[in-house]
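# Observations on the model geometry
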Amino acid sequence: MSKPVVAIVGRPNVGKSTLFNVLAGEMISIVKDTPGVTRDRIYADVSWLDREFTLIDTGGIEPESSDIILSQMREQAQIAIDTADVIIFITDVRQGLVDADSKVADMLRRARKPVILAVNKVDNFHKFMPDVYEFYNLGIGDPTPVSAASRLGIGDLLDTVISYFPEDKEEEEEDDRPRIAIVGKPNVGKSSIVNKLLGENRVIVSDIAGTTRDAIDTNIVHNGKEYVFIDTAGLRRKNKIKEELERYSIIRTVTAVERADVVLMVIDAVEGVTEQDAKIAGIAHERGKGIIIVVNKWDAIEKNDKTMREYEKKIRTVLSYMPYAEIMYVSAKTGQRLPKLFDMIDMVIENQTLRIATGVLNEIMTEAVAMQQPPSDKGKRLKLYYITQVSVKPPTFVIFVNDKELMHFSYTRYLENKIREAFGFKGTSLKFFIRERK
Ligand code: GDP
Ligand code: GDP
């Protein structure tokens, strides 16, 4: 299920990171076996009431002069417009309204996305409220006074944020076209793959009216079936900035992955798989998306009968947390194996949405338990009562046991392998929750 994306935009020192940290609170998800992904606080998973969203801080640069500030703010705002469902534009009551605020407000107004104007550092509502009214001049609606540092007005701000989210995913359910994100380091060939796919398949203009994403997504028809490639605008841009800020490429990756069913993780065959690839792939793994590892530039390396196996071994080592992902060796230059990507995408989506009957799952679990005794501690042995699948995308299971503490990670992994032996589930992670039943 794709979560809404909320971006924070604002000048340096208005309190973006303070607000980000307050909103993210303890909700930051830490996935221990994914290297390097969550340490950097550029994005966080937040929940408020019963809604969840991905929060993004577009800031983080320390500019030296005011004209640089403005150009960086424009860039930030553009990233937010491209990627977010709701934008929080944050200003500073103590500095008052400045020219750069007005310019960014103009840009945001034209984007026709919901923008919430937060006026920060209102540590004392009595004292500062008169100054807050000045911000009506920005022409983007009512200012919401907050104090990130003293955590004032945060609840109201979050209420406003979630009021802009679509109700119960109605919109998405009507749209069952597979959504695909192409991610990877700069220069691995992402744009070349998109362009080749565009050249060899029919491209159509979306008939789903009013989607703000049309400008950045591309519809491709292959064998009579429609596929949506996400955020391809950035990839197709002719004079794309090669040295795109690391922060912005992470934001683009996170938001594209968030909206995707399947992620094509592109690796450069010439360069081989790297730690940076592991970090990017981790974003998709963490979010439970379908994943295909695409080794591109396969034309450019010398090959013998062992080459593929050697590549696979290396990739499985570096991306050890996603053994379930299939690997494809392609060339955007020659087009080799690119059409096969569509079959693979279909298969991964099927597996992401596969539901296994409870009876069958319990048979597998009973057999697995008989073959390998569950762990025990201090004379107490783990008992597994029941397993059931509770959701899809990714397939998620609940196992009821006598004592959660006794359930080792390795035993869960063992059960996962047994389920995979029976059903494959290629291309998707599986999630397990352990519950106690006394
Ligand atoms: P950023 O550059 O926009 O990310 O801003 P920061 O979050 O780093 O905050 C800049 C400065 O403003 C820091 O010294 C914060 O402590 C301070 N600050 C942030 N929020 C508030 C607030 O609500 N009230 C006051 N008085 N100061 C704040
Ligand atoms: P991106 O930054 O990931 O979008 O990468 P580009 O699509 O811009 O490609 C980077 C460079 O790799 C360009 O010079 C491409 O011509 C080259 N390239 C991309 N795909 C292939 C391929 O399959 N084979 C070879 N030999 N070169 C490729």
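Described below are features of the structure shown in this document.

Cut-offs and rules
- Residues numbered from 1 in each chain as written.
- Chains lettered and ligands numbered in written order.
- Predicted model: local features only at pLDDT ≥ 70, side-chain atom pairs only at ≥ 80, totals over all residues.
- Helix = DSSP H or I, 4+ residues; strand = E, 2+ residues; numbered from the N terminus.
- Buried ≥ 20, exposed ≤ 12 C-beta atoms within 10 Å, placed from the backbone.
- Contact = placed C-beta atoms within 7 Å.
- Axes fitted to C-alpha atoms, helices over the stretch in contact; angles between N-to-C directions.
- Parallel < 35°, antiparallel > 145°, perpendicular 65-115°, else oblique.
- Left-handed = near helix turned anticlockwise from the far one by under 90°.
- Nonpolar A, V, L, I, M, F, W, Y, C, P; charged D, E, K, R; others polar.
- Core = buried A, V, L, I, M, F, W, Y, C linked by C-beta atoms within 7 Å.
- Pairing = 2+ DSSP bridges.
- Near = placed C-beta within 6 Å.

## Some points on the overall build of the protein chain
Assigned secondary structure in the protein chain consists of 14 helices and 18 strands. Within the protein chain, the fraction of its 438 residues that count as buried is 37%. Long-range contacts, defined here as pairs at least 24 residues apart, represent 74% of the contacts in the protein chain between residues at least 6 apart.

## Details of the packing of helix H9 (residues 246-259) against helix H10 (residues 275-286)
Between H9 and H10, the least distance of the axes is 9 Å, while the angle of their chain directions is 30°. In terms of axis orientation, H9 runs roughly parallel to H10. Like other packed secondary-structure pairs, H9 and H10 cross with a definite hand, here right-handed. Residues Thr253, Val254 and Val257 of H9 touch H10, and the partners they reach there are Ile280, Ile283 and Ala284. Grouping the amino acids of the contact of H9 with H10 by side-chain chemistry returns 5 nonpolar, 1 polar and no charged.

## Thoughts on the nonpolar core
Considering soluble globular proteins, one finds that nonpolar side chains tend to be buried as a cluster. Counting 95 residues, the largest nonpolar core has Phe89, Ile180 and Met265 as its most contacted members. Take this core: its biggest share by element is 6 residues, from strand S11 (residues 262-268). If near-sequence neighbours (up to four positions away) are discounted, Phe89 is found in contact with Val9, Gly10, Val104, Ala105, Leu108, Val115, Ile116, Leu117, Ala118 and Ile140. Leu361, Leu382, Ile387 and Tyr411 belong to the second-largest nonpolar core, a separate cluster that totals 12 residues.

## A look at the sheet that holds strand S17 (residues 396-401)
Sheet architecture is open: 3 strands sit in the order S16-S17-S18, paired in mixed fashion. Across the chains shown, the open sheet's two edge strands, defined by having one partner strand only, are strand S16 (384-391) and strand S18 (431-436). Averaged over all pairs of adjacent strands, the angle between strand axes in this sheet comes to 25°, irrespective of strand direction. Judged from the 6 bridges that link them, S17 and S18 form a sheet pairing that is parallel. Across the sheet, the residue bridging to Ile399 is Ile434, located in S18.

## A few points about the site of ligand 2
Around ligand 2, the structure places 16 residues, and the nearest of them are Gly189, Lys190, Ser191, Ser192 and Lys333. If one sorts the elements of the shell around ligand 2 by residue count, helix H7 (residues 190-200) sits on top with 3 residues.

## As for the pairing of strand S1 (residues 5-10)
Counting buried positions along S1 gives 6 out of 6 residues, so the element sits mostly inside the fold. Side chains Val5, Ala7 and Val9 of S1 all project onto a buried face; the interleaved residues Val6, Ile8 and Gly10 project onto the opposite face, where all are buried too. Bridge count between S1 and strand S3 (residues 51-57): 4 bridges; the pairing is parallel. The partner of Val5 across the bridge, within S3, is Thr54. Sheet topology places S1 next to strand S4 (residues 86-92); 5 bridges connect them, and they run parallel.

## Side note on the sheet that holds S3
Taken together, the 6 strands give an open sheet; going across it, the order is S2-S3-S1-S4-S5-S6, and neighbouring strands pair in mixed fashion. In the strand order of this sheet, the two ends are held by strand S2 (43-48) and strand S6 (143-145), each with one partner. When the angles between neighbouring strand axes are averaged without regard to direction, this sheet yields 30°. Here S4 runs beside strand S5 (residues 115-120); their pairing, made up of 6 bridges, is parallel. Residue Ile88 lies in a different strand from S5, and its bridge partner there is Ile116. Lying over the sheet, helix H5 (residues 154-163) contacts S1, S2, S3, S4, S5 and S6, oriented at roughly 170° with respect to S5. Its contacts with the sheet place H9 against S1, S2 and S3, and it is angled at close to 160° to S3.

## Section: the packing of helix H13 (residues 358-371) against helix H14 (residues 409-423)
Their axes nearest at 10 Å, the elements H13 and H14 cross at an angle of 125°. Put simply, H13 runs oblique to H14. Where H13 crosses over H14, the two elements pack in a sense that is right-handed. Counted together, Ile364, Met365 and Ala368 of H13 and Tyr414, Leu415, Lys418, Ile419 and Ala422 of H14 form the full contact between these two elements. Class assignment of the residues belonging to the contact of H13 with H14 gives a composition of 7 nonpolar, no polar and 1 charged.

## Comments concerning the environment of Lys185
Turning to its location among the elements, Lys185 is positioned in the loop between strand S7 (179-183) and H7. In this structure Lys185 comes out as partly exposed when scored by C-beta crowding, with 16 C-beta atoms within 10 Å. Along the chain, Lys185 and Asp268 lie 83 residues apart, while their C-alpha atoms are 8.7 Å from each other. Beyond its immediate stretch of four places on either side in the chain, Lys185 contacts Gln276, Asp277 and Ile280.

## Focus: the environment of Glu326
Following the sequence through the fold, Glu326 ends up in strand S13 (residues 326-329). Given 14 C-beta atoms within a 10 Å radius, Glu326 is considered partly exposed. Along the sequence, Glu326 and Arg337 sit 11 residues apart, while their C-alpha atoms lie 14 Å from each other. Leaving out residues up to four positions away in the same chain, Glu326 has contacts with Ile292, Ile293, Met344, Lys426 and Gly427.

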